[in-house]
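Analysis of the macromolecular model
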Amino acid sequence: MDGDDPRLTYRMARPETLSIVHLDSFSAVYHRASGITHLLAAPAPEILAALGEAGQTLPSLMARLGALYTLEDADAAALEARLDELVACGLVSCEPGL
Amino acid sequence: MGRAVDGWLLASVMRTPARAADLEAAGWTGLIAIARAEQMIGTLAARLQGLAVPAQVARILDDARTSAAQGQIAATWEAEVARRVLSHVGERLILLKGTAFAVAGLRAGLGRSIGDLDILVPKDALARVEAALLDAGWEWVKPDPYDDAYYRTWMHELPPLIHRDRDRMIDVHHTILPPTARITPDPVALLGDAVEIAPGMFALSPLDMLVHAAAHLLADGDLAGGMRNLWDVHCLIEECGTDGLEERARHHGLEREVARAVRLATALYGKEGSVGVVDRIYLFRLTARDEWGRATRPVTRMAFYIRSHWLRMPPGLLARHLWTKWRGGGAGPSSG
Amino acid sequence: MRAGVLRTGALSVRHVFSVRVGPVGFRIGSDWRAPIAALERVYAAYPAPHGGIADFSVRLFAARPWRRFVRPAVMIGGDYVLPEAAPLPLAQGLLAAEMGMNLQMALGQRHYLLLHAAVVEREGQAMILTGASGAGKSTLAALLSLRGWRLMADEFALIDPRTGLVHAFPRAVSLKNAGVATIAAEVPERRLGPLLAHTPKGTIRHLIPDTTAVAKMDCPARPAAILFPSFGYARATRAVLPSEVFVRLTQASTNYVALGERGFDTLTRMVTTLPAFAIDYPDTNTAIDQVEAAWAAL
């Protein structure tokens, strides 16, 4: 996706569409809207939580994660890569405009 | 049912569910096999919901309903993913066939099995849409260059794409019949009259849905899946009516096909109508199943297979197409 | 009317056999007598489908009418089919029937979560043995059934999403290659099906389940442990993490995705509540010892 476009808004799937079971260091996530099961490891659950339903742009998400987890040297490229994975699997949507 | 079992068994139970009460074990077994062969087991299960049936049948139908519901979740999700991708290139998502029925909540979608995602885009947007889909994880199904050139030159859709993670196919159409067909429907009218059925998701107008179903069955296909297709037609007529249908069909050059589809759907699922000799041959072919769900009447099948190619391609092209298929080791119609 | 004048007589299915294995009824039709005769012998003790209505139909048919007689080759058809399924020689008709039944389960079963696994039971506790083909599941299940365990399944474990119970599906056990001799040494000839040589999977012989397995096939059991046996290694038993069990079981299931959230709930409940062990074994006697040890430690 064109993650370098600051106008893109990232949104998490609505919480009522998710069933999450913590297994060990992984969590199994059933996405009711797609019928697809995902196995997530950190920091995917943290990113999902920080995104929320309202949606964030990449810069605002960086700021939010920085505040929540006191990230020392937040790496925008790494975060974007994780985000793109979540977009590709459908747990996060990414669309133009707010 | 005093006569040999065929597709009419399924049609009669779909028309009048109460007739299922007359079935004995062998009748049920045959009905279930035929419904599965026609990919209508979920539709049958939805139709018979709430009726008293033998316990074993109740379980089979219950599983079919649950299975169809899950299938529709997956199909609807494919539509949602496509909507997101198309939004990046500024195109509306226009759904065709089963996914459209399901998302719109139409009666034709009840329990219906849905295979590929079929969508319609303007012809001048094809390249953009194709690039966006490839970028989002879809890949070509057929690497064979002949098939690819065939699709691009002669078909009304992109070569089929499959998603590398979800293993689901998408068919991107720019009109509802291939350019080789003698009939050329009006894609601008199809796109112009599309209606929003869910946020950001569109479908053809109900009249165009009927025209498309008829075109798909009678001007494009070899009648495979015809019983299900005509159930769609029957439901659309019941739910949306036929006001203005004749005129719309004429506009697309499909008045004969649409009139026939309406007659066939009525003969199978509606009130007793009048059908002519040619319609009867169609019905004979459409209901060619035995109590094992086997395709019967092979001669009629082959005739319709050749006929369907004739309709879509000028004769010289047909020969070229078949030759390439034979040489490549491909076969004719399956004997299922 | 109804196009009756145009009807030509369809060729009827010549030979039919109906059987119920656990909760699942099958109707098998064949162009030839021989596969049906083999099924009648192997499944002599089994009942007919509930109410005479089969869940699935399987058809064994000739690719072309003359192939009934000339180099007869058995095509496998039914309610659910794979287009690429290659035919088998008539001498392997029983295998074709078994493959046809497997195919219906793998592609069409929606009532139970299906795990590619063997299941044995003792005192109401079921051990689920799953793993890749060739890990010796069938041989192990057959041997355990000769050592006081009830055979519940050698191919598919049926987990009921509503109860979490495992239902028996005691089909004839498909013994392969070395497994054939191992079991044949311990059972009378009448417990064995015909020897099928040179099949696509090598030599195959079916073990007819014992009377207990058939008599108790309507009794489900509570899953007690999940075992992942691997043949050909030094003896070792290690616990497997829930996330790994989860992934392995989704891969061992043919209908996990089709069941949707019911499948997810069933599997997550299993992996978070059941102990799971990978069992490496050099020979079957060691494996039996390890299964007994795992059971004793429950």
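Residues numbered from 1 in each chain as written. Chains lettered and ligands numbered in written order. Predicted model: local features only at pLDDT ≥ 70, side-chain atom pairs only at ≥ 80, totals over all residues. Heavy atoms only, no water.

The interface of chain C with chain B comprises 37 residues on the first partner and 34 residues on the second. Across the interface of chain C and chain B, roughly 3000 Å² is buried in total on both sides, 54% from carbon and sulfur atoms. Across the contact surface, chain C and chain B share 2 salt bridges. Between B:Arg59 and C:Asp55 there is a salt bridge; the shortest N-O distance is 3.0 Å. (Contact = heavy atoms within 4.5 Å. Buried area = accessible area lost by both parts, 1.4 Å probe. Salt bridge = Lys/Arg side-chain N within 4 Å of Asp/Glu carboxyl O.)

As a further point, take unusual backbone geometry. Positive phi, close to 55°, is recorded for B:Gln39, a residue that is not glycine. Along the polypeptide, B:Gln39 turns up in the loop between helix 2 (25–37) and helix 3 (41–47). Phi is positive for C:Asn177, which is not a glycine, with a value near 45°. Among the structural elements, C:Asn177 can be located in the loop between strand 11 (173–176) and helix 4 (178–184). On the basis of relative accessibility, which here comes to 43%, the residue C:Asn177 falls in the partly exposed class. (Helix = DSSP H or I, 4+ residues; strand = E, 2+ residues; numbered from the N terminus. Buried < 20%, exposed > 50% of the residue type's maximum accessible area, 1.4 Å probe, protein only.)

Residue and element names in this part refer to chain B. Assignment of secondary structure puts Asp 6 in the segment before helix 1 (7–15). You can call Asp 6 buried: its relative accessible area is 3%. For Asp 6, the side chain forms a polar contact with the main-chain nitrogen of Trp 8, separated by 2.9 Å. (Polar contact = N/O pair within 3.5 Å; in protein donor to acceptor, adjacent residues only side chain to side chain.)

Let us now look at the sheet that holds strand 11 of chain C. Residues and elements named next belong to chain C. The 3 strands lie next to each other as 11-13-12, forming an open sheet whose pairing is antiparallel. Edge positions in the sheet fall to strand 11 and strand 12 (196–199), since each of these pairs with one other strand and no more. For this sheet, the mean inter-axis angle between neighbouring strands, taken without regard to orientation, is 35°. Two elements, strand 11 and strand 13 (residues 202–207), share 4 bridges in a ladder whose sense is antiparallel. (Pairing = 2+ DSSP bridges. Axes fitted to C-alpha atoms, helices over the stretch in contact; angles between N-to-C directions.)

This part takes up the interface of chain A and chain B. For an interface, size is often stated in terms of accessible area lost upon the parts coming together. Contacts between chain A and chain B engage 16 residues on the former and 10 residues on the latter. Summed over both partners, the interface of chain A with chain B comes to about 990 Å²; 55% of that surface belongs to carbon and sulfur atoms. The tally of links between chain A and chain B comes to 0 salt bridges. Our count for the chain A to chain B interface comes out at 2 residue pairs in polar contact (both at pLDDT 80 or more). Of all the secondary structure elements, the ones that give two or more residues to the side of chain A that touches chain B are strand 3 (26–31) and strand 5 (92–96) of chain A. Counting residues per element, the side of chain A that touches chain B draws most heavily on strand 5 of chain A, at 5 residues.

Another aspect to go through is a nonpolar patch on the surface. Judged by side-chain polarity, C:Trp66, C:Phe69 and C:Val70 come together as a nonpolar surface patch covering roughly 370 Å² of accessible area. The residue C:Phe69 is located in the loop between strand 3 (56–62) and strand 4 (73–78) in this model. (Patch = residues over 30% accessible without salt bridge, like charges linked within 9 Å, V, L, I, M, F, W, Y side chains within 5 Å. Areas by Shrake-Rupley, 256 points an atom, 1.4 Å probe, with all protein chains shown as cover.)

Moving on: the sheet that holds strand 4 (residues 36–41) of chain A. Pairing is antiparallel in the open sheet, where 3 strands are placed in the order 2-3-4 (chain A). The open sheet has two edge strands with one neighbour each: strand 2 (18–22) and strand 4 of chain A. Neighbour to neighbour, the strand axes of the sheet diverge by 25° on average, direction disregarded. Note that strand 3 of chain A and strand 4 of chain A share 6 bridges and pair antiparallel. Within the sheet, the bridge partner assigned to A:His31 lies in strand 4 of chain A and is A:Ile36. Of the strands in this sheet, strand 3 and strand 4 of chain A touch helix 6 (residues 242–251) of chain C, which is tilted by about 155° from strand 4 of chain A.

This paragraph deals with the packing of helix 1 of chain B against helix 2 of chain B. Relative placement of two packed helices is described by the angle separating their axes and the distance separating the axes. All names here are of chain B. Relative to each other, helix 1 and helix 2 sit at 95°, their axes nearing to 9 Å. Taken together, the axes of helix 1 and helix 2 are roughly perpendicular relative to one another. The segment helix 1 lies against helix 2, with Gly 7, Leu 9, Leu 10 and Val 13 engaging Gly 27, Gly 30, Leu 31, Ile 34 and Ala 35. For the contact of helix 1 with helix 2, the per-class residue count stands at 6 nonpolar, 3 polar and no charged. (Parallel < 35°, antiparallel > 145°, perpendicular 65-115°, else oblique. Nonpolar A, V, L, I, M, F, W, Y, C, P; charged D, E, K, R; others polar.)

Looking at soluble globular proteins, one finds that nonpolar side chains tend to be buried together. Of all hydrophobic cores here, the largest spans 95 residues; its most connected members are B:Leu44 and B:Leu230. Residues contacting B:Leu230, with those up to four places away along its chain left out, are B:Leu217, B:Ala261, B:Leu264, B:Ala265, B:Leu268, B:Tyr269 and B:Leu286. Counting 69 residues, the second-largest nonpolar core is a separate cluster that includes C:Leu113, C:Phe169, C:Leu249 and C:Met270. (Core = buried A, V, L, I, M, F, W, Y, C linked by side-chain atoms within 4.5 Å.)

This part is about the packing of helix 1 of chain B against helix 12 (residues 255–269) of chain B. Residues and elements named next belong to chain B. Contact pair helix 1 / helix 12: the axes reach a minimum separation of 7 Å and the direction vectors enclose 80°. Comparing the axis directions of helix 1 and helix 12 gives the class roughly perpendicular. Residues Trp 8, Ala 11, Met 14 and Arg 15 of helix 1 form the contact with helix 12, whose own contacting residues are Ala 267, Leu 268 and Tyr 269. When the residues that make up the contact of helix 1 with helix 12 are grouped by side-chain class, the tally is 6 nonpolar, no polar and 1 charged.

Turning to the pattern of salt bridges, a few remarks are in order. Scanning the entire structure with this criterion turns up 30 salt bridges over all chains. In this structure, B:Arg36 and C:Asp79 form a salt bridge, with 2.6 Å as the shortest nitrogen-oxygen distance. On the criterion of chain membership, the pair formed by B:Arg36 in helix 2 and C:Asp79 in the loop between strand 4 and strand 5 (88–89) is interchain, its members lying in two chains. On the accessibility criterion, B:Arg36 (11% relative accessible area) is buried. When its relative accessible area of 11% is taken as the criterion, C:Asp79 is described as buried. In this structure, C:Glu189 and C:Arg205 form a salt bridge, with 2.7 Å as the shortest nitrogen-oxygen distance. With C:Glu189 in the loop between helix 4 and strand 12 and C:Arg205 in strand 13, this pair connects stretches of sequence that are 16 residues apart. By relative accessible area, C:Glu189 is classed as exposed at 54%. Taking the relative accessible area as the measure of exposure, C:Arg205 reaches 13% and is therefore buried. Salt bridges sharing common partners tie together B:Glu80, B:Arg83 and B:Arg84.

A word on the domain arrangement of chain C. Residues and elements named next belong to chain C. Along its sequence, chain C is organised into domain 1 (13–108) and domain 2 (113–296). Measuring from the centre of the C-alpha atoms in domain 1 to the corresponding centre in domain 2 gives 24 Å. Counting residues at the interface gives 23 residues for domain 1, matched by 29 residues for domain 2. Summed over both sides, the interface of domain 1 with domain 2 buries roughly 2000 Å², with 66% coming from carbon and sulfur. Counting across the domain 1 and domain 2 interface gives 2 salt bridges. Where Asp 218 meets Arg 20, a salt bridge forms, and the shortest distance between an N and an O atom there is 2.9 Å. Inspection of the region where domain 1 meets domain 2 yields 11 residue pairs in polar contact (both at pLDDT 80 or more). Those elements giving two or more residues to the side of domain 1 that touches domain 2 turn out to be strand 1 (15–21), strand 2 (24–30), helix 1 (34–42) and helix 2 (93–108). With 8 residues, the single largest contributor to the side of domain 1 that touches domain 2 is helix 2. (Domains from an automatic or database assignment.)

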